[in-house]
Amino acid sequence: MLVDEVGRFRKALVKRIRRVNQLTEGEVMSAASGLGKIVDLATQLSSHTKETLAGVAGDEAEEQMSLTDSIANQSNTTEDFINGLNSKIGQQREVAARAHQQSRDILRAAKSVERLSQQSNIIALNAMVEAARMGKHGTSFSVISNEMQRLSGEIKKTNTMVSALAEDLSILLPAIAQMIEQTSDHAEDFSGVIKDSITDVRQRTSDLQRGVATLLTSNEDSVQKILRESQDALSYLQFQDTVAQGLLRMDSMARKLQVRVGTMGGEEMEDSEAMKTLAKEEHAEIGGEKEISPDDAGDVMLF
Amino acid sequence: MKKVLVVDDSPSVRQQVALALKQAGFEIIEAVDGADGVAKIDSDPTVGVVICDVNMPRMNGLELVETVHRNPKHASLPIVMLTTEGQPQLIQRAKKAGAKGWIVKPFKANLLVAAVKKLMPA
């Protein structure tokens, strides 16, 4: 009678134990599944953010780089042009300086010619005076002196024109040299503006890339945090295994109890077949009796 | 990347180990006890590491280690025990049978992942 009572008690206990185990197992799996979904979503969101940022950074950076390359090409062309221009300006400056010097030489030569013209005029006048004194015999001298005087006048007129031209040139050439200098200054200013623009575009591209890198790092940090926290949460859900082991032990103890009651009165209960079978089953499913210290939990021992 | 075989009679433990290892990029297959574990190892040559419980019905984890390592084809397959047990004699038996490690439940996901990474053949 007592054995039957214990049997019924054990059956009810086992039923409860299994129900509790199934319930906790189901709930734990549901919670872990939720954790897994959170991690999957976080990972997907992170990948999506990475792709979007990479796309934005790629398109923007590509556009900026293309613009920078284009400006850089233009700049190189402009720089070549400016260098060529500066070289030509240098040559022009040299030619203008030489022309200026030559105009001054012409002025000096014109002054010499003027002196020679005056002297030849004086000689012609003297020849005329001498021809007059010679009377009839000096007629031919008179003709020559008249011609010399006329030639001297022509030389003076031509020399005056040359002097005026040389004078104009000596005034114009420094003005031309000044204009050449101004052109050179403008060219250098233009080159500076182009170089500043390229530096600005490169700076903006670099800022954009740095910004994207910061966002990516922050995104990665967030995902890592979610992973760490989900792992922590996962470890809290592992109580189920301990519960299951405890419930199995309780089941085993109830069965042992039933066998003991059934063999009550026998002298060698521990050696009975039923107890041996129980012990074997217990060893296979539960293992030893040693309790694990909480300090041992999570320890990894690699051999 | 090679597969990790998780052998445990508890569905929740298999699920939790799988979650932790999948997050680290491992592919997971599961077995419900030692006998199922041996069958999976025999049928899938891509299994690189085995995480195995000790106390299981039909065939326990220590028997699995002994059975698997008796087969020369799997002699070098790394097997790590994951269990609530901590008795030195059990640990010694596992070590003698060729297990590569012993982790006491509840496990820490990052340490489990680190152990699997260390043992996974290149």
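Here, the structure is the one placed above.
From a predicted model like this one, the values you see are computed outputs, not experimental measurements. (Residues numbered from 1 in each chain as written. Chains lettered and ligands numbered in written order. Predicted model: local features only at pLDDT ≥ 70, side-chain atom pairs only at ≥ 80, totals over all residues. Heavy atoms only, no water.)

A. Representation of the overall build of chain B in the model. For chain B, the count of helices and strands is five helices and five strands. Counting over 122 residues, chain B shows a buried share of 62%. Nonlocal contacts in chain B, meaning residues at least 24 apart in sequence, comprise 64% of its contacts between residues at least 6 apart. Surface exposure of chain B reaches about 4,800 Å², of which carbon and sulfur atoms provide 55%. (Helix = DSSP H or I, 4+ residues; strand = E, 2+ residues; numbered from the N terminus. Buried < 20%, exposed > 50% of the residue type's maximum accessible area, 1.4 Å probe, protein only. Contact = heavy atoms within 4.5 Å. Areas by Shrake-Rupley, 256 points an atom, 1.4 Å probe, with all protein chains shown as cover.)

B. Region of interest: the overall build of chain A. Looking only at helices and strands, chain A features four helices and one strand. The helix and strand sequence of chain A, counted from the amino end, reads α-α-α-α-β. For chain A, the proportion of its 303 residues judged to be buried stands at 25%. For chain A, restricting intrachain contacts to residue pairs at least 6 apart in sequence, the fraction spanning at least 24 positions comes to 84%. Put simply, chain A shows about 20,500 Å² of open surface, and 58% of that area lies on carbon and sulfur atoms.

C. Representation of a nonpolar patch on the surface within the structure. Together, Val-113, Leu-151 and Ile-155 of chain A make up an exposed nonpolar region whose accessible area comes to about 220 Å². The residue Ile-155 of chain A is located in helix α2 (residues 139-236) in this model. (Patch = residues over 30% accessible without salt bridge, like charges linked within 9 Å, V, L, I, M, F, W, Y side chains within 5 Å. Salt bridge = Lys/Arg side-chain N within 4 Å of Asp/Glu carboxyl O.)

D. Spatial organisation of the nonpolar core. Counting residues in each nonpolar core, the largest one holds 27 residues, and the members touching the most others are Val-4, Val-17, Leu-21, Phe-26, Ile-51, Phe-107 and Val-116 of chain B. Mapped by element, the contributors of at least two residues to this core are α1 (2-134) of chain A together with β1 (3-7), α1 (11-23), β3 (47-52), β4 (79-83) and α5 (109-119) of chain B. With six residues, the top contributor of residues to this core is α1 of chain B. Judged by nonpolar contacts, the second largest core, of 26 residues, contains Val-50, Leu-62, Leu-77 and Val-104 of chain B. (Core = buried A, V, L, I, M, F, W, Y, C linked by side-chain atoms within 4.5 Å.)

E. Spatial organisation of the pairing of strand β5 (residues 101-104) of chain B. Judged by which residues are buried, β5 of chain B turns out to be covered on both faces: Gly-101 and Ile-103 of chain B on one side and Trp-102 and Val-104 of chain B on the other are all buried. In this sheet, β5 of chain B lies alongside strand β1 (residues 300-302) of chain A in antiparallel orientation, the contact comprising three bridges. Bridge assignment links Leu-302 of chain A to a residue of β5 of chain B, and that residue is Gly-101 of chain B. Relative to β5 of chain B, β4 of chain B runs parallel, the two sharing four bridges. From the neighbouring strand, Thr-83 of chain B faces β5 of chain B, where its bridge partner is Val-104 of chain B. Regarding the hand of the β-α-β motif, the stretch spanning β4 of chain B, helix α4 (residues 88-97) of chain B and β5 of chain B is right-handed. (Pairing = 2+ DSSP bridges. Right-handed = clockwise from strand over helix to strand, strands pointing away.)

F. Broad picture of helix α3 (residues 61-70) of chain B. Residues and elements named next belong to chain B. Of the positions making up α3, those classed as buried are Gly-61, Leu-62, Leu-64, Val-65, Val-68 and His-69. In an axial view of α3, the angular spread of the buried residues amounts to 155°, which keeps them on one side of the axis. Tucked into the core, α3 has its buried residues touching β1, α2 (34-43), β3, β4, α4 and β5. The distance from a side-chain oxygen at the start of α3 to the backbone nitrogen of Leu-62 is 3.0 Å, and the residue carrying that oxygen is Asn-60. (Arc of directions from axis to C-beta. Polar contact = N/O pair within 3.5 Å; in protein donor to acceptor, adjacent residues only side chain to side chain.)

G. Layout of the sheet that holds β1 of chain A. Taken in spatial order, the six strands make up an open sheet running β1(A)-β5(B)-β4(B)-β3(B)-β1(B)-β2(B), and their pairing is mixed. Two strands lie at the open edges of the sheet, namely β1 of chain A together with β2 (27-31) of chain B, each paired on one side alone. Adjacent strand axes in the sheet meet at a mean angle of 20°, parallel and antiparallel pairs treated alike. The strands touched by α5 of chain B within the sheet are β1 of chain A together with β1, β3, β4 and β5 of chain B, with β1 of chain A carrying the most contacts at an inclination of about 15°. (Axes fitted to C-alpha atoms, helices over the stretch in contact; angles between N-to-C directions.)

H. Local environment of the side chain of Asp-53 of chain B. Residue and element names in this part refer to chain B. Its location among the elements puts Asp-53 in the loop between β3 and α3. Asp-53 sits in the buried class, given a relative accessible area of 2%. Side chain to side chain, Asp-53 and Lys-105 meet in a polar contact 3.5 Å long. Those residues in contact with Asp-53 that lie beyond four places of it in its chain are Val-7, Asp-8, Asp-9, Gly-61, Met-81, Leu-82, Thr-83 and Lys-105.

I. Region of interest: the pattern of salt bridges. Residues and elements named next belong to chain B. Here the structure, examined in full by the defined rule, presents 14 salt bridges over all chains. As a salt-bridge pair, Glu-30 and Arg-14 come within 3.0 Å of each other at their nearest N and O atoms. Of this pair, Glu-30 sits in strand β2 while Arg-14 sits in helix α1, and the two are 16 residues apart along the sequence. A relative accessible area of 33% means that Glu-30 is categorised as partly exposed. By relative accessible area, Arg-14 is classed as buried at 10%. Between Asp-53 and Lys-105 there is a salt bridge, with the nearest N and O atoms lying 3.5 Å from each other. Remark: Lys-105 occurs in the loop between β5 and α5 and Asp-53 occurs in the loop between β3 and α3; sequence separation between them is 52 residues. Across the pair, exposure class does not vary: Asp-53 and Lys-105 are buried alike.

J. View of the environment of Leu-21 of chain B. Residue and element names in this part refer to chain B. Mapped onto the fold, Leu-21 is located in helix α1. On a C-alpha basis, the gap between Leu-21 and Leu-112 in space is 8.0 Å, while along the polypeptide they are 91 residues apart. Excluding residues that lie within four positions of it along the chain, Leu-21 makes contacts with Val-4, Phe-26, Ile-28, Ile-51, Leu-112, Val-113 and Val-116.

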